[in-house]
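Results of the structural survey
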Amino acid sequence: MTTAEATAATDYELVIGLEVHSQLLTASKMFCRCPADYANAAPNTHCCPICMGFPGVLPVINEQAVDFMIMTALALHCEIPDFSKFDRKNYFYPDLPKGYQISQYDRPLSHDGYLTIHLNGAEKRIGITRVHLEEDTGRLAHLDGGGDRYSLVDLNRAGTPLMEIVSEPDMRSPEEARLYMEKLRSILVYLGVSSGKMEEAALRCDANVSVRPRGQAEFGVKTEIKNMNSFRAVERALTYEAQRQIEELKAGRRIVQSTRGWIEDRGITVLQRVKENSDDYRYFPEPDLPPLVVSREWVARLQAQLPELPDAARERFERDYGLSTYDAEQLTAERAMADYFEAAVKAGKASDTHARAKAVANWTLGDLRRLLNTASLDISVSTITPAGLAELLDLMDAGTISGKQAKDVLEKAFASGAAPSAVVAAEGISQLSDTGELESIVDAVIAENPKAVDDFRAGKSSAVQFLMGQVMKRTKGRARPDVVTPLLQSKLSQA
Amino acid sequence: MSIDRETVEHVARLARLALSEDEREHLREQLSAILEHINVISEADTSQVAASANILPMTNVMAVDTSRPSCAPDTLLANAPAREDGYFRVRAVMDEE
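Residues numbered from 1 in each chain as written. Chains lettered and ligands numbered in written order. Predicted model: local features only at pLDDT ≥ 70, side-chain atom pairs only at ≥ 80, totals over all residues. Heavy atoms only, no water.

1. With respect to the overall build of chain A
What chain A contains, in helices and strands, is 16 helices and 16 strands. Taken against the 2.2 N^0.38 rule, which gives 23 Å for 495 residues, the C-alpha radius of gyration of chain A at 30 Å runs more than 25% over that of a compact globule. C-alpha extents for chain A along the principal axes are approximately 95 × 55 × 55 Å. Nonlocal contacts in chain A, meaning residues at least 24 apart in sequence, comprise 70% of its contacts between residues at least 6 apart. (Helix = DSSP H or I, 4+ residues; strand = E, 2+ residues; numbered from the N terminus. Rg over C-alpha atoms; globule rule 2.2 N^0.38 Å. Contact = heavy atoms within 4.5 Å.)

What follows is the structure in structure tokens.
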């Protein structure tokens, strides 16, 4: 951003609301018992007359999907009204075999909650307008066969459960939007209701974006941004769109209420559809589905089933393991990472839990995460198990291997899947801690480096480090520093 | 209450119905008559009746989340006007939405 652009940007305030859709990890579809997992299935093999919208069929609500949605709503501090119902949202598109989508209109299963994000050390609440249930659509492939353009329809996804989470227009920067998405995904994965995989479209995000002169109370005209398939895409697309709108306004033009698509590889949004008048979906109550009456006992039962959520886990990690807020937040963002960390701390032999926890955190967030990212592996399937990492740290604590050697052992164990102790044994990796052997090496190093010895006498403490380096060179890094340092000190003061 | 031509055309567009001039006028009259009848029904005193979204005396009809085998695709696609490699084939829809 140039200086002029930065100045322009500060004259305007960005207003963002997000609409997130999440698939739910149920076994069957929302209103029929076809399998919900359509990955790798041949087209139209997970379908039946109900999800294909044949006449005369009767849909039945999936109880697990309702439970998952209410659990999500509770985690987002929403109100769960006593009465709720499903409605038909009517529109024509080939991915929707019935000619309508079963959704929720004026009586959703939940409303009025919030989600907390952490920005620059401060907490900010983002309002949740509502969370409701609906069904997903089928998938289309658009083809062009020698000038003959047509589309192929696969209805395996049609009728799978979809949860919509609508936020208030409470976000004021692309970064806040990304943090909101990351936190929401984290909560969904902790709850076990969603895979959270944006790259597989199991989690999708649309954004409503507008800008207004700073200080103006009413909102500007908004655009809806679609096709953002990653957290990074959300932040990039919103940054682009805000700048585009500001430039339009500064040039004296109006923002047109419209839907725009994010083009990832070009880094721009393009106009998809102008909304001339508000959509007319002719919602009406779904006559095939009796309404839901949600008893307080039902809500209490689900409340009791809620697992520890990321914010609570973060606070507990800070309190029980003495971790920094930063480390605790990084570790608890992913439930699998948090579980791994705790298992590794518990598997070790260290007596000082806080020191061990800090070491586990450093290795998990550092070298191990780097190895996992490079191999595109999830930590839940890491070849270094929590017990393996604990063993590696125990070997370091016992002085069997140095920190530098441990990195090497970790990489080898990660690549081969062998236990760190097995790698140490097989490769003959060990530290040199024999005082007699080290003493003769120290003597030789001192004899060969009279200048460094003179420097030491002249008060240059860096001379010790230089000599230590020489000892390491001779021992190929195997010498134990905590044995060598006192040896060097005493020899130098005697010499 | 009567319905104007614009409303008839709007509803026809939403329902993807191509109507002739005669049909538009004919349906405008019919729809107006239906709405007039609803006006008559609206005169009934419902102040003592709770609003309802569903006429069935049932709530919370739900199924346990267990998946069952789906139907044979050949059966499901048997009446499709066009198919290709197990997909329904439809005319291009890229420009819509």
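2. Overview of the environment of Thr383 of chain A
All names here are of chain A. Turning to its location among the elements, Thr383 is positioned in the loop between helix 9 (353-374) and helix 10 (386-397). When the C-alpha atoms of Thr383 and Lys407 are compared, they prove to be 15 Å apart, with 24 residues separating the residues in sequence. When residues no more than four places from it in sequence are discounted, the contact partners of Thr383 are Ala413, Phe414 and Gly417. Of the polar contacts made by the side chain of Thr383, one reaches the backbone oxygen of Phe414; its length is 2.8 Å. (Polar contact = N/O pair within 3.5 Å; in protein donor to acceptor, adjacent residues only side chain to side chain.)

3. As for helix 3 (residues 174-191) of chain A
Turn by turn, an α-helix covers 3.6 residues, leaving residues three or four places apart pointing in a common direction. With 18 residues, helix 3 of chain A extends 26 Å from end C-alpha to end C-alpha; this agrees with the ideal 26 Å at 1.5 Å per step. Just past helix 3 of chain A, the residue Gly192 of chain A takes up positive phi, approximately 75°. (Expected span 1.5 Å × (residues − 1).)

4. With respect to the pattern of salt bridges
Residues and elements named next belong to chain A. Applying the stated rule across the entire model yields 49 salt bridges over all chains. Across the salt bridge formed by Arg356 and Asp397, the nearest N and O atoms sit 2.9 Å from each other. Taken as a pair, Arg356 in helix 9 and Asp397 in helix 10 lie far apart in primary sequence, 41 residues in all. For Arg356, a relative accessible area of 4% corresponds to the buried category. In this structure Asp397 comes out as exposed when scored by relative accessible area, which is 56%. Between Arg474 and Glu448 there is a salt bridge whose closest N-O contact spans 2.4 Å. Of the two residues, Arg474 sits in helix 15 (residues 462-474) while Glu448 sits in helix 13 (residues 435-448), which places them 26 residues apart along the sequence. (Salt bridge = Lys/Arg side-chain N within 4 Å of Asp/Glu carboxyl O. Buried < 20%, exposed > 50% of the residue type's maximum accessible area, 1.4 Å probe, protein only.)

5. What to know about the domain arrangement of chain A
Size of an interface: often given as the accessible area lost when the parts come together. The domain architecture assigned to chain A consists of domain 1 (3-302), domain 2 (308-427) and domain 3 (435-494). Placing a centre on the C-alpha atoms of domain 1 of chain A and another on those of domain 3 of chain A gives a separation of 65 Å. (Domains from an automatic or database assignment.)

6. With respect to the packing of helix 14 (residues 450-457) of chain A against helix 16 (residues 481-494) of chain A
Residues and elements named next belong to chain A. Remark: helix 14 packs on helix 16, axes separated minimally by 10 Å, with the N-to-C direction vectors making an angle of 85°. Taken as axis vectors, helix 14 and helix 16 run roughly perpendicular relative to one another. Contact residues: helix 14 offers Val453, Phe456 and Arg457, while helix 16 offers Gln489, Leu492 and Ser493. When its residues are assigned to classes, the contact of helix 14 with helix 16 shows three nonpolar, two polar and one charged. (Axes fitted to C-alpha atoms, helices over the stretch in contact; angles between N-to-C directions. Parallel < 35°, antiparallel > 145°, perpendicular 65-115°, else oblique. Nonpolar A, V, L, I, M, F, W, Y, C, P; charged D, E, K, R; others polar.)

7. A look at unusual backbone geometry
All names here are of chain A. Phi is positive for Asn40, close to 65°, though the residue is something other than glycine. Of note, Asn40 is situated in the loop between strand 1 (12-23) and strand 2 (61-62). The backbone phi angle of Ala201 is positive, close to 65°, even though this residue is not glycine. In this structure, Ala201 sits in the loop between helix 3 and strand 11 (203-213). Among the residues examined, Ala201 registers a relative accessible area of 26% and is labelled partly exposed.

8. Let's talk about the sheet that holds strand 11 of chain A
Residues and elements named next belong to chain A. Ordered by their spatial adjacency, eight strands build an open sheet running 6-7-10-1-11-12-13-14, and the pairing between neighbours is mixed. Of all the strands in the sheet, just strand 6 (110-119) and strand 14 (268-274) have a single pairing partner and so form its edges. Across this sheet, the average inter-strand angle for adjacent strands is 30°, counted without regard to direction. By the bridge criterion, four bridges tie strand 11 to strand 12 (residues 223-228) in an arrangement that is antiparallel. In the sheet register, Val209 faces strand 12, and the bridge partner there is Thr223. Across the sheet, helix 2 (residues 63-75) lies against strand 6, strand 7 (122-135) and strand 10 (161-167), angled at about 165° from strand 7, the strand it touches most. (Pairing = 2+ DSSP bridges.)

9. Describing the nonpolar core
Most often, soluble globular proteins keep nonpolar side chains buried together rather than apart. Residues and elements named next belong to chain A. In this structure, Leu18, Ile165, Tyr180, Phe341 and Leu389 are the most contacted members of the largest nonpolar core, which totals 104 residues. Apart from the residues within four sequence positions on either side, Leu389 is in contact with Tyr340, Ala344, Val360, Trp363, Thr364, Ile384 and Leu410. Within the second largest apolar cluster, 18 residues are counted, among which are Ile441, Val445, Val453 and Val483. (Core = buried A, V, L, I, M, F, W, Y, C linked by side-chain atoms within 4.5 Å.)

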